[in-house]
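Coordinates in review
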Amino acid sequence: MLSTVHIPPALLVVIFVMTGVINPGKSQKMSTRVLQQKGQDFLNSRKHANNLVDIIGQWDESGTACIFTVETIFLEILRRGDMYQEKSITLTISEPSPEVRYITWLCNCYEEIWEKLLTSIESCRPTIQLQALSTGLKLMAEEGRYPLEVTRELSYNFPLHRLKPLLMSLLSPEKDNANLIARFEEISNYPDALYYIYKCLPSLTPKRQPREIYIKNLLELIHKLPLQKDIEEGETSKSKQLLCGPQNGLNFTWDYTSVRRALNKVWACVMHWELTPALHKQLLIVLLERVMAHLEKPVLLTDFLMDSLDADGPIGLLALQGVFILVTKHNLEYPNIFTKLYSMFEPEIFHTKYKARLFYLSDLFLSSTHLPEALVAGFAKRLSRLTLVAPPEDILIILPFIGNLLVRHPGLKRLIDYLPKGEEFTEVRAGLCDPFLMDEREPILSNAIISSLWEIKALQCHMLPNIATAARFIREPIPSVEYDIASALERTGGHIFDREIKNKVKDIMLAFERPNSLALPKNERLLQFWHLTTMH
């Protein structure tokens, strides 16, 4: 028999403390309901002022519940103006009143909350990071509407001292903050927030080479901030579209010139950084979709885009779009642009994400009717050859593209039925007598003008009916109106899949007799085989 030993309670406490079961320096975790009740009591009466200290002490233990409670408390405090204090110059030194001491204590707690929010954004779990960012944005907006101090300037009030640390946390050189930046994108709908974000970015952009993660975060942030050239004055005066409005009759004024100048300062630093292939591609996307339309001298990008054109894959394709903008809108001369465009049509292009851009831009590049027929014939023949290895959805884009080339240059109709003397179509299809040089890099020297589009004729026997039907356009008179390439691009990919999903599926009869039980119906052939198996 084992005898029980009685241990005094005081000794048990000492043992638990030494073993870590009880940590006297760590507060006990409160439930969400208790935190909300403490916060409500604090707002109702100042005799519960210590509740705020208890709630802040739960920051590490309660996580999002504590952050949400703190958000509710300080949003109400800012609305009521409990932290508002008017600075006055006094010649005598006297003991501050209890009211002043209470306001000072509240302001200190508020600053401590901001430090904890920024720390949580930088180094916490994703859920806590998102809640901390959301709380910071709400507090910043409310502080703009109800400032803590009186200002003599009759200008729109925006808490830049809160916005800049938030941006510094998002542009971390240590951690990828794509999820936080996606959440931060919501305030870009407010013109005042968008304006002051761009005003802060030049001071946060280093001139020397930063880390790769910082570059990624900066490009991601710029990509999420749409910039409009003109915002009507009537729109900016509406309080529902301002993050920190209304403000006692003070209206916000959108200054595009100032925003554009700030963006150009940021981009001047970015263009001098060394980039990895992934960052190079991301920079080109941001440049084309967000920045290029707002640059003061886009022609300065010529060397960068020309160097990018020499890269393979999506980098060269994205650079092609930038060159197209410079050629069409800024009178840039690039004599070898068609040779470079011709070299991009390789079988690998069908496996890239930005192939739709290539087809769209190529249709624009070749839209002129004054191009040499030998040059256009090279593109038509190369595209025709690529249909033999292209996916079905891409074939449906290439065929209208070739049709447009035939519409613009009627002289190329000879390629439809052209055959060398004494040759049969079967021999041409086998590639025995086709003079076209697929490995030639110059479209004019590829002998496409003396070849034929036999590949399209072969597609008329394709196993997919829609492709076979689309390839029959060469058997009919060439239309006088061009095909819409943009609509052809929209009908491919996910559109085809969605259309097939929406199609009604007919019910197929799986049994001649309706089953009435778990047993198999009579005259079932499976019963015959089962009988033979059991006999053996």
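Residues numbered from 1 in each chain as written. Predicted model: local features only at pLDDT ≥ 70, side-chain atom pairs only at ≥ 80, totals over all residues. Heavy atoms only, no water.

**What about the overall build of the protein chain?**
In terms of regular secondary structure, the protein chain is built from 27 helices and zero strands. Counting only residues that meet the buried cut, the protein chain has 42% of its 536 residues in that class. Sequence separation of at least 24 residues holds for 74% of the intrachain contacts in the protein chain that already meet a minimum separation of 6. Put simply, the protein chain shows about 31400 Å² of open surface, and 55% of that area lies on carbon and sulfur atoms. (Helix = DSSP H or I, 4+ residues; strand = E, 2+ residues; numbered from the N terminus. Buried < 20%, exposed > 50% of the residue type's maximum accessible area, 1.4 Å probe, protein only. Contact = heavy atoms within 4.5 Å. Areas by Shrake-Rupley, 256 points an atom, 1.4 Å probe, with all protein chains shown as cover.)

**Focus: helix α15 (residues 302-309)**
Burial analysis of α15 places six of its eight residues in the buried class, which makes it a mostly covered element. Those residues of α15 lying buried are Thr302, Phe304, Leu305, Met306, Ser308 and Leu309. As for α15, its buried residues are in contact with α14 (277-291), α16 (314-329) and α17 (337-343).

**Describing the pattern of salt bridges**
The tally for this structure, following the rule as stated, stands at 22 salt bridges. The residue lysine 355 makes a salt bridge to glutamate 393 at a minimum N-O spacing of 3.3 Å. Highlighted residues: lysine 355 in helix α18 (residues 355-365) and glutamate 393 in helix α20 (residues 392-408), separated in sequence by 38 residues. The exposure class of lysine 355 is buried, given its relative accessible area of 15%. Look at glutamate 393 and you get partly exposed, because its relative accessible area is 25%. In this structure, a network of salt bridges that share partners links the residues Glu76, Arg79, Glu142 and Arg145. (Salt bridge = Lys/Arg side-chain N within 4 Å of Asp/Glu carboxyl O.)

**Here we look at the side chain of threonine 69**
Relative to the assigned elements, threonine 69 resides in helix α5 (residues 64-80). If we ignore the near neighbours within four places in the chain, the residues touching threonine 69 are Leu35, Gln36, Gly39 and Ile55.

**Observations regarding the packing of helix α13 (residues 256-270) against α14**
It is the contact of α13 with α14, at a shortest axis distance of 13 Å, that shows an interaxial angle of 160°. If you check the angle between α13 and α14, you find them roughly antiparallel. Seen along the crossing, α13 lies across α14 with a hand that is left-handed. Residues Leu263, Trp267 and Val270 of α13 form the contact with α14, whose own contacting residues are Leu283, Val286, Leu287 and Val291. In the contact of α13 with α14, the residues fall into seven nonpolar, no polar and no charged. (Axes fitted to C-alpha atoms, helices over the stretch in contact; angles between N-to-C directions. Parallel < 35°, antiparallel > 145°, perpendicular 65-115°, else oblique. Left-handed = near helix turned anticlockwise from the far one by under 90°. Nonpolar A, V, L, I, M, F, W, Y, C, P; charged D, E, K, R; others polar.)

**Regarding the nonpolar core**
Counting 150 residues, the largest nonpolar core has Phe74, Phe184, Trp267, Leu287, Leu305 and Leu320 as the members making the most contacts within it. Among the elements that take part in this core, helix α6 (residues 98-122) stands out by supplying 11 residues, more than any other. Setting aside its immediate chain neighbours within four residues, leucine 287 contacts Trp267, Met292, Leu295, Leu301, Phe304 and Leu305. (Core = buried A, V, L, I, M, F, W, Y, C linked by side-chain atoms within 4.5 Å.)

**Some thoughts on helix α19 (residues 373-386)**
Taking 1.5 Å of rise per residue, 14 residues should cover 20 Å, and α19 covers 20 Å from first to last C-alpha, within 8% of that figure. Among the 14 residues of α19, 11 are classified as buried, and the element is accordingly described as predominantly covered. Taken together, the buried positions of α19 are Leu375, Val376, Ala377, Gly378, Phe379, Ala380, Lys381, Arg382, Leu383, Ser384 and Leu386. (Expected span 1.5 Å × (residues − 1).)

**Focus: the confidence of the model for the protein chain**
For the protein chain, per-residue confidence averages 81 on the pLDDT scale, and 76% of positions sit at 70 or higher. For residues 1-5, every residue scores under 50 in pLDDT, and the model assigns this stretch zero contacts once sequence neighbours within four places are set aside. (pLDDT = per-residue confidence, 0-100.)

**Quick notes on the packing of aromatic side chains**
This model, assessed by the stated rule, comprises 14 aromatic pairs. Consider the rings of tyrosine 195 and tryptophan 254, whose centres lie 6.2 Å apart with planes at 65°: the pair is edge-to-face. Here tyrosine 195 is found in helix α10 (residues 191-204), whereas its partner tryptophan 254 is found in the loop between α12 (233-236) and α13, with 59 residues between them in sequence. Taken together, the ring pairs connect Tyr156, Phe158, Tyr195, Tyr196, Phe252 and Trp254 into an aromatic cluster. The ring of tyrosine 342 has arginine 382 lying over it, and the distance from NZ or CZ to the ring centre is 4.7 Å. (Phe/Tyr/Trp six-rings, centres within 6.5 Å; stacked < 30°, edge-to-face > 60°. Lys NZ or Arg CZ within 6 Å of the ring centre and 35° of its normal.)

**So, the side chain of threonine 135**
Tracing the chain through its elements places threonine 135 in helix α7 (residues 126-145). A polar contact is formed between the side chain of threonine 135 and the side chain of glutamate 71, at a distance of 2.8 Å. Residues within four places of threonine 135 in sequence aside, it is in contact with Ile67, Glu71 and Leu117. (Polar contact = N/O pair within 3.5 Å; in protein donor to acceptor, adjacent residues only side chain to side chain.)

**So, the packing of α16 against α18**
Following both chains from N to C, one finds α16 and α18 inclined at 30°, their axes separated by 10 Å at the closest point. Between α16 and α18, the crossing angle belongs to the class labelled roughly parallel. Every pair of crossing elements has a handedness; the one defined by α16 and α18 is left-handed. Here Leu317, Leu318, Leu320, Gln321 and Phe324 of α16 come into contact with α18, specifically with Lys355, Arg357, Leu358, Leu361, Leu364 and Phe365. By residue class, the composition of the contact of α16 with α18 is eight nonpolar, one polar and two charged.

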